[in-house]
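An overview of the molecular structure
The lines below spell out each chain.
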Amino acid sequence: MAISVFDLFKVGIGPSSSHTVGPMRAAATFAQALFDQGLLEQIQRVEVRLYGSLSATGVGHATDRACVMGLMGEWPDSIDPSCIGPRIQQLRERGELLLAGRRNIAFDWQRDLLLLDESLPYHPNAMSLTAFGESGQLWEQTYYSVGGGFIVEAAEAESGVPAASDVVLPYEFSSAVELLSLCNQHGLRVSELMMANERAWRSDAEIRSGLLHIWSVMRECVEQGLRHEGILPGGLDVPRRAAKLHRSLLEIGKPNVISSTLSAMEWVNLFALAVNEENAAGGRMVTAPTNGAAGIIPAVLHYYMKFNPDASDDDVVAFFLAAASVGILCKKNASISGAEVGCQGEVGSACAMAAAGLADVLGATPEQLENAAEIGLEHNLGLTCDPVGGLVQVPCIERNAIAAVKAINATQMALRGDGKHFISLDRVIRTMRDTGADMHDKYKETSRGGLAVSWVEC
């Protein structure tokens, strides 16, 4: 399966890529299919059924709201997050849903949106949508939201074979060993090899402008996070901290990385907190590779751009490309879904990706880059996904800040070596997969174990 950098970095909304972005895309895809098949005028009612993790933490992750907005023809990369609340309130008051943005149908929230305490095969994040006409069922489709905003239909999931793609990459790789071999054989940095692969989809100008757009959305997300104060929604009464921390750091003055490392790390914390607080509030985001881990990569890239006077847009492009190479390996050989392998698949993958991106722009060899990614992922193995109250707030927000600092440290350690190390990145990714398979479901984005339960007990 050919995976593009733009598959891993997608503009969306918070609080979750698998529980908000994916379901909205699935519902919008379903609504569009009804229109394309000429069924829209026959539809009287639509029913949404959420299973597994989508049901267990669906309300806290705004899955229900995302599905409704998707049915109304909205897509996560273009919807205005500020319009969601008023439109949901209007729908509840009127009992009508504008299907595919074209046809009003009756919609009863309790009757037509069901959170079921059962699971479907193939993936914990499952949802089925059924359209009914006067004579009964007209169309049904089941989707799996497999992490990072990716969705697959039931037929693809059942076959176990990814949908066929006619894209042929010049440097196809499915392991870090293959990636390093290709880099050495052709004398390429990891970012250069990734750029060559991206050309199978787009021109150089399109790749560059697309990645710089991703960066602009990340920067705007940080800025929004620094502007907003108060309490995050959801009922936990978690206060936003980024704005206050920002004022405190501005009073200190601009630090120097070498002479004031602790102060520099506080800026890394700030960037991650700002992103993830904005994510928790349902703001505009970039999956990196997921929303739950969305603060790590922008925090590390902000750190590099802020404290390196020679940093340029070229570095931004190289950073994203190199980071994506590791994200591709994690997705192909394990998972980036917290509901499938726990938070190690989200925060762990993002930490490894950020370390790889930073290593590349700091001039690392492919071997050093692989080492940096391995360190970043290895020390997140076993990380559970147990969000308190089903919200992407505790421990998720702080966890991103910790992992961002960890990614920088992983890069520093790797750059001090020659790339040789004891455990390979491939083995760590396989270990993440196996650990996730062994992990009890209550630790995989269900809020039925770990910190989620400890908080309730207290």
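Residues numbered from 1 in each chain as written. Predicted model: local features only at pLDDT ≥ 70, side-chain atom pairs only at ≥ 80, totals over all residues. Heavy atoms only, no water.

Section: the side chain of N400
Position of N400 among the secondary structure elements: in helix 18 (residues 396-415). Within the structure, N400 has its side chain in polar contact with the backbone nitrogen of G295 (distance 3.0 Å). (Helix = DSSP H or I, 4+ residues; strand = E, 2+ residues; numbered from the N terminus. Polar contact = N/O pair within 3.5 Å; in protein donor to acceptor, adjacent residues only side chain to side chain.)

Topic: the packing of aromatic side chains
Scanning all chains against the criterion turns up six aromatic pairs. Judged by centre distance (6.2 Å) and plane angle (90°), the rings of F319 and F320 are edge-to-face. Just as F319 is buried, F320 falls in that class too. An aromatic cluster is present here, built from F9, F319 and F320 joined pairwise through their rings. Sitting over the ring of F150, K10 keeps its end group 4.1 Å from the ring centre. One Lys or Arg, R102, reaches over the ring of F35 and ends 3.7 Å from the middle of that ring. (Phe/Tyr/Trp six-rings, centres within 6.5 Å; stacked < 30°, edge-to-face > 60°. Buried < 20%, exposed > 50% of the residue type's maximum accessible area, 1.4 Å probe, protein only. Lys NZ or Arg CZ within 6 Å of the ring centre and 35° of its normal.)

Digging into the layout of surface pockets
As a volume, the second largest pocket reaches approximately 520 Å³. Around the second largest pocket, the lining is made up of 27 residues, and of these A62, R65, P233, A281 and G282 lie nearest the centre. The element best represented in the lining of the second largest pocket is helix 4 (residues 63-71), accounting for three residues. Grouping the amino acids of the lining of the second largest pocket by side-chain chemistry returns 13 nonpolar, 10 polar and four charged. Each of domain 1 (14-159) and domain 2 (176-443) gives at least three residues to the lining of the second largest pocket. (1 Å grid on protein atoms, 1.4 Å probe; cavity = no way out; pocket = protein on both sides within 12 Å on 5 of 7 lines; lining within 4 Å. Points joined across faces, edges and corners; volume = space filled by probe spheres on them. Nonpolar A, V, L, I, M, F, W, Y, C, P; charged D, E, K, R; others polar. Domains from an automatic or database assignment.)

Let's talk about helix 17 (residues 366-378)
Taking 1.5 Å of rise per residue, the 13 residues of helix 17 would be expected to cover 18 Å, and the 18 Å separating its terminal C-alpha atoms lies within 8% of that figure. Along helix 17, 11 of the 13 residues are buried, which leaves the element largely enclosed by surrounding structure. Turning to helix 17, its buried residues are P366, Q368, L369, E370, N371, A372, A373, E374, I375, G376 and L377. Each element contacted by the buried residues of helix 17 is listed here: helix 8 (176-186), helix 9 (190-198), helix 14 (313-333), helix 16 (347-361), helix 18 and helix 19 (425-438). (Expected span 1.5 Å × (residues − 1). Contact = heavy atoms within 4.5 Å.)

Digging into the domain arrangement of the protein chain
If you check the domain split of the protein chain, you get domain 1 (14-159) and domain 2 (176-443). Spacing between the C-alpha centres of domain 1 and domain 2 amounts to 30 Å. The interface of domain 1 with domain 2 comprises 22 residues on the first partner and 20 residues on the second. Taking both partners together, domain 1 and domain 2 bury about 1500 Å²; carbon and sulfur atoms supply 55% of that area. Contact with domain 2 buries area across many residues of domain 1, yet G14, P15 and P81 alone supply 30% of it, more than any other trio. Inspection of the region where domain 1 meets domain 2 yields seven residue pairs in polar contact (both at pLDDT 80 or more). Within the side of domain 1 that touches domain 2, the residues separate by chemical class into eight nonpolar, 12 polar and two charged. (Buried area = accessible area lost by both parts, 1.4 Å probe.)

With respect to empty space enclosed by the protein
A water-sized probe rolled over the atoms picks out the places where empty space is left. Under the defined criterion, the tally for this structure stands at four cavities of 30 Å³ or more. Space inside the largest cavity adds up to approximately 150 Å³. Among the elements of the structure, helix 2 (17-36) and helix 18 are those that each provide at least two residues to the lining of the largest cavity. For the lining of the largest cavity, the leading source of residues is helix 18, giving three residues. In terms of residue class, the lining of the largest cavity is made up of eight nonpolar, seven polar and four charged. Residues from two domains meet in the lining of the largest cavity; each of domain 1 (14-159) and domain 2 (176-443) gives at least three. What the second largest cavity holds in volume is close to 50 Å³. In this structure, the second largest cavity is lined by I3, L169, E172, F173, M194, N197, E198, W201, I328 and K332.

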